[in-house]
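Results of the structural survey
Okay, here's what each chain looks like letter by letter:
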Amino acid sequence: MTNFKQLQDYAVKKRSPSVVHKYQFDEIVTKSLLLHPGRLEKFKVRIPNFSSMSTVPDVNKWILRLSQKNIKILTLEYKEGKTVRHTLPSYFFSCLDLTYLMLRNFDFSPTPEFKGFLFLNKLLLYGIHLANNCFEGILSSCPVLQRLLLHGCSGVSHFNISGSKLKRLSIKADDKFESISLEKAPNLTEVFVSLERVVIGLKGNPISDFVKLVNSLPKVKILRLNGNFLQLLAETPVPSMLPTSLKILQLKGVNFTKFDQISAVVCLIRNSPNLEQLYIESSTTKLKHKQVSGYLQLLDCTTFPFRQLHQVKLTNISGFIPEFELIRFLLFSSPSLVTMSIVEHPQLAAEKALEVARKLLQLQPPSPVSIDFSRDGKK
């Protein structure tokens with residue numbers, strides 16, 4: 001018989017289907033919770049997909065038990081890709097001692113009596129439906145929240161983020177995204193925003209103000225954006241200066257064929273006076289025109305030197321001309337650059353990779369810099 005006297009947390013992870021059926025997943029978890037006599041600090045369960053609806057575990061029963069156990073750290077995950085979300089029962093909102101909450105594939109609808117998770121400092125939501133416009137109310141009822149993650153969540157299109165304690169924010173928004181505001185979260189130090197597609201207003205106008213967004217981030221140190229968000233920002237007024245606190249800039253899924261995205265990249269780099277590390281992931285698959293190459297070739301490498309930039313990493317590089325022009329621009333504009341790591345696209349042919357390596361050897365930047373060209377970026 002299992003001894004639960006010393007048990008302070010409990011975790012059940014996904015097993016193979018044969019193991020799940022053999023040991024009756026639902027019964028194992030339920031009995032473990034019922035037999036555990038004391039407090040339960042941490043509970044983590046990943047629920048696999050079952051072939052029969054009759055074998056779906058009684059998650060509500062677990063939650064009821066957890067609400068009676070002063071649970072502090074809770075992770076509940078339905079397998080990614082599940083089409084039907086589980087609705088959280090009303091007594092879920094009685095877990096008032098929570099400090100960490102991670103949910104995947106649930107319907108989240110707070111009861112009218114819910115006063116908030118007053119001790120919650122980390123909230124991670126994946127594929128959650130936020131019902132009845134509850135998003136802003138949830139944030140306002142978590143006064144000590146420090147980290148917020150929203151990936152693939154529905155029920156929210158205007159991301160009005162608030163929280164005086166909030167430091168880390170990560171948003172992956174679907175095609176229902178309409179706007180983002182960070183004015184009420186002045187202490188953010190790390191921000192990641194990724195859009196599934198570029199969104200424009202009803203009259204064809206962009207719906208986010210780049211200047212206003214930047215001015216809302218006086219303490220940001222790490223900024224991560226994807227190509228679609230860059231394209232949206234390029235259509236708005238450009239800020240003359242990004243926060244001096246910004247040290248690390250990461251740009252994912254940048255398409256070097258899109259002028260709007262590349263111009264936004266250059267704008268961000270040039271207007272970040274204390275930038276130390278730059279990471280760019282290319283998503284270019286085929287070059288269609290020369291507009292981007294011409295723009296990058298005309299950039300002055302001496303007018304706005306990046307004096308603090310000492311580390312650059314570029315990934316998924318295929319050797320297209322715009323990619324080389326950006327490499328040249330960065331090398332000749334960064335007098336303090338120490339290392340530039342370039343990782344080739346995983347499908348780049350060997351002869352093309354050799355050509356890229358030869359071109360890199362021909363570059364002779366004015367200051368000594370180590371240029372590393374590799375296949376997987378691992379050292």
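Residues numbered from 1 in each chain as written. Predicted model: local features only at pLDDT ≥ 70, side-chain atom pairs only at ≥ 80, totals over all residues. Heavy atoms only, no water.

Glancing now at the sheet that holds strand β8 (residues 129-130). The strand order across the open sheet formed by 3 strands is β4-β6-β8, and the pairing between neighbours is parallel. Edge positions in the sheet fall to β4 (86-87) and β8, since each of these pairs with one other strand and no more. By the bridge criterion, 2 bridges tie β4 to strand β6 (residues 106-108) in an arrangement that is parallel. Paired with H86 across the strands is F106, a residue of β6. (Pairing = 2+ DSSP bridges. Helix = DSSP H or I, 4+ residues; strand = E, 2+ residues; numbered from the N terminus.)

Atomic detail in the predicted coordinates should be set aside for any region of low pLDDT. Model confidence for the chain is summarised by a mean pLDDT of 84, while 84% of its residues fall at 70 or above. pLDDT under 50 marks residues 1-8. Its contacts with residues more than four places away, or in other chains, come to 10 contacts. Scored below 50 in pLDDT, residues 202-206 shows 5 contacts in the model against residues more than four places distant or in partner chains. (pLDDT = per-residue confidence, 0-100. Contact = heavy atoms within 4.5 Å.)

A few words on the pairing of strand β14 (residues 222-226). Where burial is concerned, most of β14 is hidden: 4 out of the 5 residues are buried. Across 4 bridges, strand β13 (residues 190-195) lies against β14 in parallel orientation. Across the sheet, the residue bridging to V191 is L223, located in β14. Note: β14 against strand β15 (residues 248-254), 5 bridges, orientation parallel. Across the sheet, the residue bridging to N226 is K252, located in β15. (Buried < 20%, exposed > 50% of the residue type's maximum accessible area, 1.4 Å probe, protein only.)

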